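One-letter residues, chain by chain:
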Amino acid sequence: MAGLVLTFGLLEMTTLFGACTTQHASTTLKNNPVVVASSGDSVNLTCSRGWHNLTRFRSEWEFHGKHKELFTPESTVDESRMSILKDENKGVSVLKITGVKPSDAGIYRCTIHVILPPPAYSIQGNWTTLVVFAPPRVWLSSKSAPGSPFVEQVTCAVSEFYPAPIHITMTSACGEPQELENSVTQRQNPDGTYSTTRRALLNTTICTDGTEVTCSAKHETGDWNRSLRISHVKNKGLAHRIPTEFLIRTVIFAAFLCIICVIFLTYNMCCEQPKKESPIA
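Now for a look at the structure at hand.

Calculation criteria
Residues numbered from 1 in each chain as written. Predicted model: local features only at pLDDT ≥ 70, side-chain atom pairs only at ≥ 80, totals over all residues. Heavy atoms only, no water. Helix = DSSP H or I, 4+ residues; strand = E, 2+ residues; numbered from the N terminus. Contact = heavy atoms within 4.5 Å. Areas by Shrake-Rupley, 256 points an atom, 1.4 Å probe, with all protein chains shown as cover. Buried < 20%, exposed > 50% of the residue type's maximum accessible area, 1.4 Å probe, protein only. Pairing = 2+ DSSP bridges. Core = buried A, V, L, I, M, F, W, Y, C linked by side-chain atoms within 4.5 Å. Disulfide = S-S within 2.5 Å. Patch = residues over 30% accessible without salt bridge, like charges linked within 9 Å, V, L, I, M, F, W, Y side chains within 5 Å. Salt bridge = Lys/Arg side-chain N within 4 Å of Asp/Glu carboxyl O. Axes fitted to C-alpha atoms, helices over the stretch in contact; angles between N-to-C directions. Phe/Tyr/Trp six-rings, centres within 6.5 Å; stacked < 30°, edge-to-face > 60°.

Quick notes on the overall build of the chain
Next, step 1: In terms of helices and strands, the chain carries three helices and 18 strands.
Next, step 2: For the chain, the share of sequence-separated contacts (at least 6 apart) that also reach a separation of at least 24 residues comes to 62%.
Next, step 3: Working note: accessible area of the chain is about 17300 Å², and carbon and sulfur atoms make up 61% of it.

Remarks on the pairing of strand S9 (residues 106-116)
Next, step 1: Summarising burial for S9: eight of the eleven residues are buried, a large majority.
Next, step 2: Both strand S5 (residues 56-64) and S9 contribute to a ladder of nine bridges, which runs antiparallel. Following the sheet pairing, glutamate 60 is matched in S9 by threonine 111.
Next, step 3: Two strands pair when backbone bridges link them, and S9 and strand S10 (residues 121-133) are joined in this way by eight bridges, in the antiparallel orientation. Its bridge partner lying in S10, arginine 109 is registered against tryptophan 127.
Next, step 4: Counting the residues between successive antiparallel strands, the hairpin from S9 to S10 contains four residues.

Thoughts on the nonpolar core
Next, step 1: Core analysis: the biggest nonpolar cluster contains 36 residues, and Trp61, Phe71, Leu95, Ile97, Tyr108, Cys156 and Val158 have the highest contact counts within it.
Next, step 2: Among the elements that take part in this core, strand S12 (residues 148-161) stands out by supplying four residues, more than any other.

Details of the state of the cysteines
Next, step 1: Summed over all chains, the structure comprises three disulfides.
Next, step 2: Note on cysteine connectivity: cysteine 156 is disulfide-linked to cysteine 215, with sulfurs 1.8 Å apart. With the S-S bond torsion at -75 degrees, the cross-link from cysteine 156 to cysteine 215 turns out left-handed. Of this pair, cysteine 156 sits in strand S12 while cysteine 215 sits in strand S17 (residues 211-219), placing them 59 residues apart in sequence.

Looking at a nonpolar patch on the surface
Next, step 1: A cluster of nonpolar side chains, Phe253, Phe256, Leu257, Ile259, Ile260 and Ile263, forms an exposed patch at the surface whose accessible area comes to about 600 Å².
Next, step 2: Mapped onto the secondary structure, leucine 257 falls in helix H3 (residues 241-277).

Comments concerning unusual backbone geometry
Next, step 1: Tyrosine 162 connects to proline 163 through a cis peptide bond whose omega is 5 degrees.
Next, step 2: By the element assignment, proline 163 lies in the loop between S12 and strand S13 (167-172).
Next, step 3: Not every positive phi belongs to a glycine, and glutamate 160 is a case in point at roughly 60 degrees.
Next, step 4: Counting through the fold element by element, glutamate 160 comes out in strand S12.
Next, step 5: What makes glutamate 160 partly exposed here is its relative accessible area of 35%.

Digging into the sheet that holds S17
Next, step 1: With antiparallel pairing, the three strands of this open sheet are ordered in space as S13-S17-S18. What marks the edges here is a single partner per strand, and that holds for S13 and strand S18 (222-230). Averaged over all pairs of adjacent strands, the angle between strand axes in this sheet comes to 15 degrees, irrespective of strand direction.
Next, step 2: As defined by bridge partners, S17 adjoins S18 across nine bridges and the pair is classed as antiparallel. Bridging from a neighbouring strand, valine 213 pairs with leucine 228 of S18.

Let's talk about the environment of aspartate 209
Next, step 1: Following the sequence through the fold, aspartate 209 ends up in the loop between strand S16 (194-203) and S17.
Next, step 2: For the pair aspartate 209 and isoleucine 230, spaced 21 residues apart in the sequence, the C-alpha separation amounts to 9.2 Å.

Some points on the packing of aromatic side chains
How two aromatic rings sit relative to each other is given by the distance of their centres and the angle of their planes.
Next, step 1: All told, the structure shown has three aromatic pairs when counted by the stated rule.
Next, step 2: With centroids separated by 4.7 Å and ring planes inclined at 35 degrees, the aromatic side chains of phenylalanine 63 and tyrosine 108 adopt a geometry described as tilted. Of this pair, phenylalanine 63 sits in strand S5 while tyrosine 108 is found in strand S9, placing the two residues 45 residues apart along the sequence.
Next, step 3: With relative accessibility at 0%, the residue tyrosine 108 sits in the buried group.
Next, step 4: Relative to tyrosine 194, the ring of tyrosine 162 lies with its centre 6.4 Å away and its plane at 15 degrees, an arrangement referred to as stacked.

Overview of the side chain of glutamate 60
Next, step 1: Residue placement: glutamate 60 occurs in strand S5.
Next, step 2: For glutamate 60, the residues in contact, after removing those within four places along its chain, are Leu70, Phe71, Thr72, Ile84, Arg109, Cys110, Thr111 and His113.

Structural notes on the pattern of salt bridges
Next, step 1: Using the criterion set out here, one finds three salt bridges in the structure.
Next, step 2: For arginine 81, the salt bridge is made with aspartate 104, and the minimal N-O distance between the two is 2.9 Å. Taken together, the residues arginine 81 in the loop between strand S6 (68-71) and strand S7 (82-87) and aspartate 104 in the loop between strand S8 (92-97) and S9 connect sequence positions 23 residues apart. We note that arginine 81, like aspartate 104, is buried.

Coordinates in, geometry out; function isn't part of it.
This is the structure:
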């Protein structure tokens, strides 16, 4: 009989304390859910008491991330994105987050304060970990390097990714990009995402048919690439820049010589005229 009473008591305590679950796609590790979301998603973190005969209760959610914060139905923190919902018939509290940001990543824990039926008591749920990913956006551009008509300066800009670790490489179908020293810059954006740039020089002298440059970004969200075609027309224009300048200088120099010759001949003609007229006089 004592064994039956003990077993019943353990079952009742297990039912009493309940557990946290999630309505978003997730995996569970020892009853501690891990919710994975992409930036901009909406998620519901659900904490269930596991007992359906509640008449009245209130709930609050505690957040542990880059800072510690407490969300209650009365709180006014970011009301447009975060709200606490509850179903008293099912004893469920839901923290709804819309437009998820990387700064929302962290650990959440709910507490349910039972008011009715008496006696009043509080229940703490399990920890729920929210992991947020933001895939990078890759942009690629090029321009002629100053003073080097056969060299292209290629810039790869990767923006709005999270988390921060990322590996970026630049390759070319013709020639090998040489990354510039101190060209790597990375910064954190106001929304918690990161942005970075890479710059490299590419010698296009041997690229008679043009070339294609590719910037590749390896991130936890996957592999992301962007390619840029440097056409043969552009290279041809670069190759003819120096001959054109040389031709212009040659024409100017020739014109200058012509002017000198005209002045010299005119001077000689003027001087020879009096000499021929002197014997007649």
